[in-house]
Amino acid sequence: MFAMIDNLIEEIVSHCSLRRPEALDKIFDNLPSSEYQYITLELLEKISVFLQNDTDSLAWFCGYMASEINCSEDSHQPNHPITSLSKILILSGMQPFIDFTPYPGCRLVIANTVKFEALPQSVKAVIQKAFDLLEQNDLQIEQMNNALLQELVMSRE
């Protein structure tokens, strides 16, 4: 099973580097239900580790995971807000799927608010100018996570 996961990670990393969202769709859409349970936060964190030296590809993957990049043509268009924000956060020392998480619907959730608040004021000013920031309590975040999980599960069926 671990070899299968390692192969899956290598394949996903390759498609991220080549900016191939349709290939990623095929991977995620064609996983048997028994294997789908392994597409977890831990797997996404491992993909992030493999891409850590390629900030552009890692930010691109965040844009893909947030449904900002759906086809190859999207990859060649500039100014994807979630991808840009992801890159800013990554270059500022935040880790995708640990400190922040992209969600379908072109959203990012900042999980590590302490780390976010510690960002230089110049970085926070760029983010606040370009994006609407919404504060939510833990219960609201949990409800949103549950709704998104339900949405993802229903789209698999």
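This text gives an overview of the structure that appears in the document. For clarity, every value in this text was computed on a predicted model and none was experimentally measured. (Residues numbered from 1 in each chain as written. Predicted model: local features only at pLDDT ≥ 70, side-chain atom pairs only at ≥ 80, totals over all residues. Heavy atoms only, no water.)

1. Things to note about the overall build of the chain
When you go through the chain residue by residue, the secondary structure sums to 10 helices and two strands. Looking at the chain as a whole, 38% of its 157 residues are labelled buried. Considering only intrachain contacts with a sequence separation of at least 6, the fraction spanning at least 24 residues in the chain is 60%. For the chain, the exposed surface amounts to about 9500 Å²; the carbon and sulfur share of it is 53%. (Helix = DSSP H or I, 4+ residues; strand = E, 2+ residues; numbered from the N terminus. Buried < 20%, exposed > 50% of the residue type's maximum accessible area, 1.4 Å probe, protein only. Contact = heavy atoms within 4.5 Å. Areas by Shrake-Rupley, 256 points an atom, 1.4 Å probe, with all protein chains shown as cover.)

2. Comments concerning the pattern of salt bridges
Under the definition given, this model contains three salt bridges. With a closest N to O distance of 2.5 Å, Lys87 and Asp56 form a salt bridge. With Lys87 in helix H7 (residues 81-91) and Asp56 in helix H5 (residues 55-65), the pair connects residues that are 31 residues apart, well separated along the chain. Of the charged contacts in the structure, one is a salt bridge between Glu117 and Lys124, with a shortest N-O distance of 3.6 Å. (Salt bridge = Lys/Arg side-chain N within 4 Å of Asp/Glu carboxyl O.)

3. Notes on the environment of Glu11
Within the fold, Glu11 resides in helix H1 (residues 2-17). Sequence separation of Glu11 and Ile27 is 16 residues, and the distance between their C-alpha atoms is 8.8 Å.

4. Some thoughts on the side chain of Ser86
Tracing the sequence through the fold places Ser86 in helix H7. Since its relative accessible area comes to 0%, Ser86 is described here as buried. When neighbours within four sequence positions are excluded, Ser86 is seen to be in contact with Ala59, Cys62, Phe100 and Leu108.

5. A look at the nonpolar core
Across soluble globular proteins, nonpolar side chains show a tendency to be buried alongside one another. Judged by nonpolar contacts, the single largest core of 34 residues is most densely connected at Ile12, Leu24, Ile47, Phe61 and Leu89. Among the secondary structure elements, those contributing two or more residues to this core are H1, helix H2 (21-30), helix H4 (41-50), H5, H7 and helix H9 (121-130). Of the residues forming this core, the biggest block, seven residues, is contributed by H5. Setting aside its immediate chain neighbours within four residues, Leu24 contacts Ile12, His15, Cys16, Trp60, Phe61 and Tyr64. (Core = buried A, V, L, I, M, F, W, Y, C linked by side-chain atoms within 4.5 Å.)

6. Topic: the pairing of strand S2 (residues 107-110)
Here four bridges tie strand S1 (residues 100-103) to S2, and the two strands are oriented antiparallel to one another. Among the inter-strand pairings, Tyr103 is bridged to a residue of S2, identified as Arg107. In this antiparallel pair of consecutive strands, S1 and S2, the connection spans three residues, and Gly105 shows a positive phi of 95 degrees. (Pairing = 2+ DSSP bridges.)

The quantities given are spatial measurements derived from coordinates; they are silent on function.
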